[in-house]
Protein chains: 2
Amino acid sequence: MPDIDVFAALANPARRQLLGLLLDSGPLPVQQLAAQFAMSRPSVSEHLKVLKDAGLVGERKAGRQRYYELRPEPLRDLTRWLTPYERFWREKLGNLRTLLDEEGDPASHD
Amino acid sequence: MPDIDVFAALANPARRQLLGLLLDSGPLPVQQLAAQFAMSRPSVSEHLKVLKDAGLVGERKAGRQRYYELRPEPLRDLTRWLTPYERFWREKLGNLRTLLDEEGDPASHD
DNA sequence: TTGACGGGTAGGAGATCTCCTACCTAATAT
DNA sequence: ATATTAGGTAGGAGATCTCCTACCCGTCAA
């Protein structure tokens, strides 16, 4: 149980995409996940392992498949870490900018 | 101008600590920052470069010193990325937790 | 039972990261 | 002018990351 840093786990775009898939579609077996990537199935397995070590996904066996499911709790650490910076940028940008940006920006996806 | 991923920039603990120092103490020259670390000054410089490429710090010259200052704006991308997961865990954890957290939400930005 | 399928693990190649010491330039100080 | 100080850059060693192909075991189907 290496207990990997959630920041490190999120550093890789493929892993963020895996989380996104699990968020959008619920629990999925490895093959369904791997089908979304150009890379090999074993590589996807390794990314899933990193996510599991970070506590970001759980796995449950069903016959010969393993369903991976999102476990978003560790992301709360990220949110907590972010909080003081969020306060800082609100002060910095001021009310005008805050109002303008609040809903108008296109969210970038990974 | 590699335009580095903010996730990648935050993957390293030393870089997160640098951001924390700048958050707590405001703009600081490299030496003041480097003094907080076991590592060499040039290594700190390299970390600052990564943060600068990610848009997370800015630098301004003052004589022979360079003051680095926090630029938290790119962290908004992180917050945006986090939003759907936050919604997910609120649902998952249930109402009790939601009610407890709700008060921490700064809804009062007239 | 035998085969096919789902998926983890091993080992390794190549890229990238993280740190170092040397060295360089620009700016102040004597 | 010369020495000192702040700090960036070069180049490299060693660790880690990311991907691959092979191979393994467990589960289901014939």
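The coordinates are above.
The structure reproduced in this document is the subject of the present report. (Residues numbered from 1 in each chain as written. Chains lettered and ligands numbered in written order. Predicted model: local features only at pLDDT ≥ 70, side-chain atom pairs only at ≥ 80, totals over all residues. Heavy atoms only, no water.)

1. What to know about the nonpolar core
Moving on, step 1. Counting 58 residues, the largest nonpolar core has Leu75 of chain A together with Leu75 of chain B as its most contacted members.
Moving on, step 2. The contact partners of leucine 75 of chain B, leaving out residues within four places of it in the chain, are Trp81, Leu82, Tyr85 and Trp89 of chain A together with Val6, Leu10 and Leu56 of chain B. (Core = buried A, V, L, I, M, F, W, Y, C linked by side-chain atoms within 4.5 Å. Buried < 20%, exposed > 50% of the residue type's maximum accessible area, 1.4 Å probe, protein only. Contact = heavy atoms within 4.5 Å.)

2. Quick notes on the protein's contact with DNA strand D
Moving on, step 1. Neighbouring DNA strand D are 22 residues, the closest being Ser40, Ser43 and His47 of chain A together with Arg41 and Ser45 of chain B.
Moving on, step 2. Residue serine 43 of chain A places a side-chain N or O atom 2.7 Å away from a phosphate oxygen belonging to DNA strand D.
Moving on, step 3. Here a phosphate oxygen of DNA strand D and a side-chain polar atom of tyrosine 68 of chain B are 2.8 Å apart.
Moving on, step 4. Residue assignment for the surface near DNA strand D shows that the elements contributing at least two residues are helix H4 (41-53) of chain A together with helix H3 (30-34), helix H4 (41-53) and strand E3 (65-70) of chain B.
Moving on, step 5. Partitioning the surface near DNA strand D into residue classes produces six nonpolar, eight polar and eight charged. (Near = heavy atom within 4 Å. Polar contact = N/O pair within 3.5 Å; in protein donor to acceptor, adjacent residues only side chain to side chain. Helix = DSSP H or I, 4+ residues; strand = E, 2+ residues; numbered from the N terminus. Nonpolar A, V, L, I, M, F, W, Y, C, P; charged D, E, K, R; others polar.)

3. Notes on the pattern of salt bridges
Residue and element names in this part refer to chain A.
Moving on, step 1. Considering all chains together, one arrives at eight salt bridges over all chains under this definition.
Moving on, step 2. For arginine 66, the salt bridge is made with glutamate 59, and the minimal N-O distance between the two is 3.4 Å.
Moving on, step 3. We classify arginine 66 as partly exposed; its relative accessible area is 42%.
Moving on, step 4. What makes glutamate 59 partly exposed here is its relative accessible area of 27%.
Moving on, step 5. The structure contains a network of salt bridges with shared partners spanning Lys52, Glu59 and Arg66. (Salt bridge = Lys/Arg side-chain N within 4 Å of Asp/Glu carboxyl O.)

4. Structural notes on the pairing of strand E3 (residues 65-70) of chain A
Residue and element names in this part refer to chain A.
Moving on, step 1. In terms of strand pairing, strand E1 (residues 28-29) meets E3 through two bridges, oriented antiparallel. Paired with proline 29 across the strands is tyrosine 67, a residue of E3.
Moving on, step 2. Pairing between strand E2 (residues 57-62) and E3: six bridges, direction antiparallel. Within E3, the residue paired with valine 57 across the bridge is leucine 70.
Moving on, step 3. Hairpin connection from E2 to E3: two residues lie between these consecutive antiparallel strands, with glycine 63 at a positive phi of about 65 degrees. (Pairing = 2+ DSSP bridges.)

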